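# Summary of the model geometry
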Amino acid sequence: MKNDVRIFVKGNPTRIINKLNYLLINVYDVKSVDGGLVISVRYADREKTVAAMKAMDYECIILKNGILERIYIGFTSHLGVFAGIAVVLAIIFIFSMLTFEIKVTGLDNVPRSEIETVLSECGIKKFGWKVKDVGSLAEKILEDVDGLSYVNCEYNGFELRIDVKEELRGADMSKDNEGNIIANSDGIITRIAVKEGTALVKANDRVRKGDILIAAYITVGEGDSEKRIECNASGKVYARTFESESVVVAETNVVNVRSGNVKKKTAVSIASLKSKVPESPFQNYDVEVETHTVYGIVPLTVKTYYFYELCEKVYSIEDGEYKDALINNAKARLNMTLTDDKKFIKSWIIEKKLDNLYIIDVYYELEELIGGGNI
């Protein structure tokens, strides 16, 4: 996945999975290696994962390093801490006029390439000069790129963030260039209502995203006199669709429970350099982090760490209450994807065992409008 982070953790695999599962961190692409695991987590869970592993005194390596992080490590190892910091600050001051990363969020149907075309026309690119008027840039993107209802551009340190919202598209907008109503997702057809046009699918047909559901023509006459007349295809097509969520757990699970004791500590970092994680006052603990950024020529990041003392409790995957809690957490994540256009039909669970790990897959079957609209 695009926003995943691949991490190597050296330590007991069972305790690693138990800890991350307790913190409700979704772990996938698990690979056993000598002395530990290589796992993938969502980018948003990166800091929480690293802090949790360090709290267990496990070596934790993110299999990607930013440019400034590598510069910082290199200079401090050769020149010493203070000289290294001085060099990095000088580099930051020079680089503060450059754009190192361009991040676009909020895209679904609109191609990223259309925004990149506007950026190219404005001379904006990675490792190029920062744009002075981000407000004008946002207006130009909104004007030149079809399908957007909102654009905001701002700098976060060296990163140009372009946050967009797409225009609301009703299902009746899901048409191809010929005016045919097409499927906006994979599914199994359940029901069809045609107002105008010709249905090319029927109940129980499997369709893929982009398949034609209702063609923009009607057929008149018979035999040699039969002909097609173009029309404005309209109608509704519903289908069964499927969503899933996975949970990875160990056979024996050591679950940490908060004791009620909590301590707060603060750390400050410059630009994209990482600040040192404060030491916890507890031997066994959980941590939550609040991040605030103060923008200027050199942005400062203020992180507040909340350390919670933990005590351990052992569960088996055969424990019904514990397994139910894991399944309910997965269902809660699936429920977040439901909308008014999606009707829940049923759910089911598939369990698999991999070495000493259990994989629980939770599936939702839904019915939703995949093509067409108001009749």
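Cut-offs applied
- Residues numbered from 1 in each chain as written.
- Predicted model: local features only at pLDDT ≥ 70, side-chain atom pairs only at ≥ 80, totals over all residues.
- Heavy atoms only, no water.
- Pairing = 2+ DSSP bridges.
- Helix = DSSP H or I, 4+ residues; strand = E, 2+ residues; numbered from the N terminus.
- Buried < 20%, exposed > 50% of the residue type's maximum accessible area, 1.4 Å probe, protein only.
- Salt bridge = Lys/Arg side-chain N within 4 Å of Asp/Glu carboxyl O.
- Polar contact = N/O pair within 3.5 Å; in protein donor to acceptor, adjacent residues only side chain to side chain.
- Patch = residues over 30% accessible without salt bridge, like charges linked within 9 Å, V, L, I, M, F, W, Y side chains within 5 Å.
- Areas by Shrake-Rupley, 256 points an atom, 1.4 Å probe, with all protein chains shown as cover.
- Arc of directions from axis to C-beta.
- Contact = heavy atoms within 4.5 Å.
- Axes fitted to C-alpha atoms, helices over the stretch in contact; angles between N-to-C directions.

### A short note on the pairing of strand β16 (residues 227–230)
In terms of strand pairing, strand β15 (residues 217–220) meets β16 through 4 bridges, oriented antiparallel. Bridged to I218 within β16 is I229. Hairpin geometry of β15 and β16 is characterised by an intervening segment of 6 residues between the two adjacent antiparallel strands and by a positive phi of about 80 degrees at G221.

### Quick notes on unusual backbone geometry
Even without a glycine there, the phi angle at N204 is positive, about 80 degrees. Structurally, N204 can be placed in the loop between β12 (198–199) and β13 (206–207). Given a relative accessible area of 59%, N204 falls into the exposed group.

### Some details on the pattern of salt bridges
One pass over the full model with this rule turns up 18 salt bridges. We note a salt bridge from R240 to E365, for which the minimum N-O separation is 2.7 Å. Taken together, the residues span a long stretch of sequence, with R240 in strand β17 (residues 234–250) and E365 in strand β22 (residues 357–372) at a distance of 125 residues. A relative accessible area of 5% places E365 in the buried class. Across the pair K323 and E351 runs a salt bridge whose closest N-O atoms are separated by 3.3 Å. Of the two residues, K323 sits in helix α7 (residues 320–335) while E351 sits in strand β21 (residues 342–354), which places them 28 residues apart along the sequence.

### Section: the side chain of T241
On the secondary structure map, T241 appears in strand β17. Residue T241 is classed as buried on the basis of its relative accessible area of 5%. There is a polar contact of 2.7 Å between the side chain of T241 and the side chain of E368.

### A few points about a nonpolar patch on the surface
A grouping of F242, W348 and I350 is seen on the molecular surface, where their side chains present a nonpolar patch of about 250 Å² in accessible area. For W348, a relative accessible area of 30% corresponds to the partly exposed category.

### A look at helix α5 (residues 112–121)
When α5 is considered as a whole, its buried residues turn out to be I115, V118 and L119. All buried residues of α5 project into a common sector of 100 degrees when viewed along the axis, lining one side. Facing away from the buried side of α5, by more than 90 degrees, are the exposed residues S120 and E121. Two residues or fewer past α5, G123 is found with a positive phi of approximately 75 degrees.

### Quick word on the sheet that holds β22
Across the sheet, 5 strands lie side by side as β13-β11-β17-β22-β21; this open sheet has antiparallel pairing. In the strand order of this sheet, the two ends are held by β13 and β21, each with one partner. One ladder, built from 7 bridges, connects strand β11 (residues 187–196) with β17; its direction is antiparallel. If you follow I192 over to β17, its bridge partner there is V237. The strands touched by helix α1 (residues 13–22) are β17 and β22; relative to β17, the strand with the most contacts, the crossing angle is about 130 degrees. Here α7 sits on the sheet in contact with β17, β21 and β22, set at roughly 145 degrees to β17.

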